[in-house]
Every structure is written in structure tokens, then in C-alpha cells.
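Listed below, chain by chain, are the residues.
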Amino acid sequence: MTQRRLAEVAAKVGVSEATVSRVLNGKPGVSDATRSAVLTALDVLGYERPTQLRGERARLVGLVLPELQNPIFPAFADVVGNALAQRGFTPVLCTRTAGGVTEAEYLELLLEQHVSGIVFAGGLYAQKDASHGHYQQMMSRKLPAVLVNAAIDDLAFPRVSCDDAVAVEQAYGHLLSLGHRRIGAVLGPPDHVPSLRKLEAITKQGGADVEHAMFSLEGGQAAATKLVQRGVTAIICASDPLALGAIRAVRRAGLDVPGDVSIIGYDDSAFMTCTDPPLTTVRQPIEAMGRAAVELLANQISGNAVAPDELLFEPELVVRASTAPVR
């Protein structure tokens, strides 16, 4: 902090510049009341708190999600929110919507609230062609953060991911065991990193007829309609809503699931046991992933060094009634 700003804060609180300096550097010899007054003065004057003092006032943590329509995201928010509360943090939920507040704008809002850190799930870091400038801003400010699921390579944040390659191996192996050879896949957009990982794994398994789609039921239906027209007998989908769209596409074509076409989802989000037919899917271990994300974030907030590595969690194939032996 410049000498002028130091003097401004000192004048606001009615203490010496040396006292303000001791507070900012975390030095002893300052009463709690004075320390609190200095930090409040920083907030009032619009100056950024030092990293180690950020968010002390309310212990807020941002939780930034892409949407709430896919049931996996509210479920993840529930896990992370509970884990944060157990550690004395208050989650601030931010949800991106089409035409609404952007991820970068949410970051500005969270910085204004002096959050202690941020957990991102399914953010723009997973899209190669998206703007990533706000992540660089976070890195320059050394704001504690954790990214959930696969990200572009040049972001130095710890990551918690479900292993996309293992998910494909499980789904593909299940379909092969049922005799399927004409296998299709509905993945996310072409620049979506988790989908690219799944595509690479599909190629290693023996390939598939691949369509890319937006992550929605309608996107899944449109992509699966093309695959059904090309004669696939099974479809691997990159999310449960995509799989529900694929089931609708098969039925609109006058065919049966799983009699004519088998469908596999990904996530095992809420109510997939209640669909018709109950959905075979690959379960993300969101409980373990959410708790790991909070632990990594809490360690950073406490000042402990956390390597910017990716923790890979093992998914689990859940076989229900949307897959069957090929006719």
C-alpha cells in the first residue's frame, strides 16, 4: 500500500501509520478493536485487503455454477455448502444464465464482498474458446480457488475432477458386453475439455459415431436423432439431460429404449431412477469431490501451500433399465 493510502486509512481510524502497517502485515501488538477498525476502514475507502486478511469479516466463499437445471449442480452445491458451513464459511451461490450475469461479472461482485475464496464448477475454464481473462486476474491477486472438473492447461489452480476416461471405459465396456458394435456418442461442445477427454477415450476404445451438442435435453434430442438415423444401436451421453433427450429422440423415431437403442447417461443426478426406463448412467462421486474441493480451498485460505494439481476421482457405472443386449 502506498504511503498516501496508509496515511488516509490511519486518519480515518485515528491511529498512527505504523499501527496500520502492523495490521496489514499481520504483526502483533495491536488490539482486536483497532485491528477490526483498520480492516473496516479499508473496506469503506474501497481499498483491497491483503490476501491473508481477505474475507475475515464474514468468511464468505463464492460458489459459481453454470446452471441449476441439470440436477447434478444443485446436488453439488448442497455438498459444498454443507462442507463449507462445517468449517465456519458462508457460501455465496452464483449461477450463470443465458443473457444474465457473466462469470467475470460474478467475480467482480465476489471480490467486492471480500470473499475468502471461490469454488468453480463447470465454468468457462472447461471451454477452450471462451474468455479466461478473469482467471488470470484471480491468479495475479492470489485469490484461493478450486476448479471442479477438467480445465484448460494453463491455469495454476488445484482441480478436482471425475476421470472422464474411466467413465468412457465403463460405459463402452458395458455396451460391448451386451453385443453392441454400432455405438454413438453425444458429447458437449467441441471446445469442452471434459468432452474432449471423453472423445479421446472413445477413440482408444474403438471409436464411435460422435455428435456434439449444447448441454440440454433439446441438444441431446437433436444430436441423437442424427445418430438414430445413421443406425446406431447404443448411445453414450456426456450428461443425464443429454441422455433423456436421446431417449426422446429414439421414441420419436418409433423405436424402443432399450429394445432398439440402448442409452447411457453421465452424472447419476437426482430422479434418474424414476425415468422411463430408469437410466443406466455413470455416477460422479460428487460427495467425495465436493468435500475434497472444500478441503483444498480451506488449506489455501489458511495460508498452506496447495499444489495446482488435478485430483482424479473414480466414477461408477450404475446399470438400470435403459441398456439391453443388441437385437
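Reading the values: rules and limits
Residues numbered from 1 in each chain as written. Predicted model: local features only at pLDDT ≥ 70, side-chain atom pairs only at ≥ 80, totals over all residues. Heavy atoms only, no water. 1 Å grid on protein atoms, 1.4 Å probe; cavity = no way out; pocket = protein on both sides within 12 Å on 5 of 7 lines; lining within 4 Å. Points joined across faces, edges and corners; volume = space filled by probe spheres on them. Helix = DSSP H or I, 4+ residues; strand = E, 2+ residues; numbered from the N terminus. Pairing = 2+ DSSP bridges. Axes fitted to C-alpha atoms, helices over the stretch in contact; angles between N-to-C directions. Contact = heavy atoms within 4.5 Å.

Asker: Hey, could you run me through empty space enclosed by the protein in this one?
Answerer: By rolling a water-sized probe across the atoms, one finds the places where empty space is left. This model, assessed by the stated rule, comprises two cavities of 30 Å³ or more. Estimates place the volume of the largest cavity at around 60 Å³. Lining the largest cavity we find Asp-164, Ala-167, Val-168, Ala-171, Leu-187, Lys-198, Ile-236, Cys-237, Ala-238, Gly-265, Tyr-266 and Val-282. By residue number, the principal contributor to the lining of the largest cavity is helix H7 (residues 164-177), which donates four residues.

Asker: How do you make sense of the sheet that holds strand E9 (residues 262-267) when you look at a structure like this?
Answerer: The strands making up a sheet associate through backbone hydrogen bonding, with each pair oriented either parallel or antiparallel. Spatially, the six strands line up as an open sheet ordered E7-E6-E8-E9-E10-E12, and their pairing is mixed. Two strands in the sheet have a free side with no partner beyond their single neighbour: strand E7 (209-212) and strand E12 (316-318). Each adjacent strand pair in this sheet contributes to an overall mean axis angle of 20°, direction not counted. In terms of strand pairing, strand E10 (residues 280-283) meets E12 through three bridges, oriented antiparallel. Each residue of the ladder has a partner; that of Arg-283, found in E12, is Glu-316. In this fold helix H8 (residues 193-205) packs onto strand E6 (183-187), E7 and E9, with an angle of close to 165° to the strand it touches most, E6.

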